[in-house]
Amino acid sequence: MTQRPPDAPAPPSDDARWKRIVATLRRLGHRPQSLIEGMHAVQNEFGYLEPAALRYLAELLVVPLAKVHGVATFYHHFTMRPPTRHTCVVCLGTVCHIKRGPAILAEIEKRYGVGAGATTADGSLSVVEARCIGACSLAPLVVLDGETIGPTTPEEVRERLDSCIAKTEGEPPRDA
Ligand code: FES
């Protein structure tokens, strides 16, 4: 069995789940052909493939990072987004932007500590920025878990988010 070379990269963090992944990768022999199994191991532990995990696999298995990204995006089974309970899309297209769309995003960031493209650490909320979803007459708008809400205000969005997050507190996050 191929041993991990002494200059092999360290896992992205001290999280105990990495110990199990490292053990799996060691058992697989750190071969480039182990990439998909390694990605399965990471996703099974964390629920998704974060950028640092992909970089780690690329370095450890000596596979070009572009190829690792290619595999991650080719197979539907893999996801690079963290599991979340709620997704709020904030439109920042021209009309929504003029009508206080950025204020909605700022309110979400102030309340939950996450901006566009991020997910709260507890997996309760993912925030996504959009560039016009084609419903400008409702500007400014958000799409919360698939429901279009608009015209709306930063205060209303905060209240809606507070309400739906409170209802699902304790439930496991699901794939975004
Ligand atoms: S700019 Fe927001 S829906 Fe068109």
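A quick note: this is a predicted structure, and the numbers were derived from the prediction, not measured.

Calculation notes
- Residues numbered from 1 in each chain as written.
- Predicted model: local features only at pLDDT ≥ 70, side-chain atom pairs only at ≥ 80, totals over all residues.
- Heavy atoms only, no water.
- Pairing = 2+ DSSP bridges.
- Helix = DSSP H or I, 4+ residues; strand = E, 2+ residues; numbered from the N terminus.
- Patch = residues over 30% accessible without salt bridge, like charges linked within 9 Å, V, L, I, M, F, W, Y side chains within 5 Å.
- Areas by Shrake-Rupley, 256 points an atom, 1.4 Å probe, with all protein chains shown as cover.
- Salt bridge = Lys/Arg side-chain N within 4 Å of Asp/Glu carboxyl O.
- Buried < 20%, exposed > 50% of the residue type's maximum accessible area, 1.4 Å probe, protein only.
- Axes fitted to C-alpha atoms, helices over the stretch in contact; angles between N-to-C directions.
- Parallel < 35°, antiparallel > 145°, perpendicular 65-115°, else oblique.
- Left-handed = near helix turned anticlockwise from the far one by under 90°.
- Contact = heavy atoms within 4.5 Å.
- Domains from an automatic or database assignment.

S.K.: What is the right way to read the sheet that holds strand β4 (residues 142–144) from this model?
M.R.: To summarise the sheet geometry, strands pair through backbone hydrogen bonds and adopt either a parallel or an antiparallel arrangement. Here we have 5 strands laid out as an open sheet, ordered β2-β3-β1-β4-β5, and mixed in their pairing. The open sheet terminates on both sides in strands that have one partner only, identified here as β2 (118–119) and β5 (147–149). Note: strand β1 (residues 86–91) against strand β3 (residues 125–130), 6 bridges, orientation parallel. Along β3, the bridge assignment pairs Cys 91 with Ala 130.

S.K.: Sorry, what's going on with a nonpolar patch on the surface here?
M.R.: On the surface, Ile 36, Phe 74 and Tyr 75 cluster together to form a nonpolar patch covering roughly 310 Å² of accessible area. By the secondary structure assignment, Ile 36 is in helix α2 (residues 35–46). Ile 36 gets classed as partly exposed once you look at its relative accessible area, which sits at 34%.

S.K.: How should I be thinking about the packing of helix α1 (residues 16–28) against helix α3 (residues 51–61) in this particular structure?
M.R.: The packing of two helices is summarised by the inter-axis angle and the distance between the axes. At a minimum axis separation of 13 Å, α1 and α3 run at an interaxial angle of 30 degrees. Taken as axis vectors, α1 and α3 run roughly parallel relative to one another. In the crossing of α1 with α3, the sense of the turn from one axis to the other is right-handed. Contacts between α1 and α3 involve Trp 18, Val 22 and Leu 25 on the former and, on the latter, Ala 53, Tyr 56, Leu 57 and Leu 60.

S.K.: Please clarify how the domain arrangement of the protein chain should be interpreted in this entry.
M.R.: The parts lose accessible area when they come together, and the size of an interface is often stated as this lost area. Domain boundaries assigned for the protein chain yield domain 1 (17–74) and domain 2 (86–168). Placing the centre of domain 1 and that of domain 2 at their C-alpha centroids yields a distance of 33 Å.

S.K.: Even after reading the chapter, I still don't get the side chain of Thr 120, so can you show me in this structure?
M.R.: Along the polypeptide, Thr 120 turns up in the loop between β2 and β3. Owing to a relative accessible area of 10%, Thr 120 belongs among the buried residues under this scheme. Not counting residues within four places of it along the chain, the set of residues in contact with Thr 120 comprises Tyr 112, Val 114 and Leu 125.

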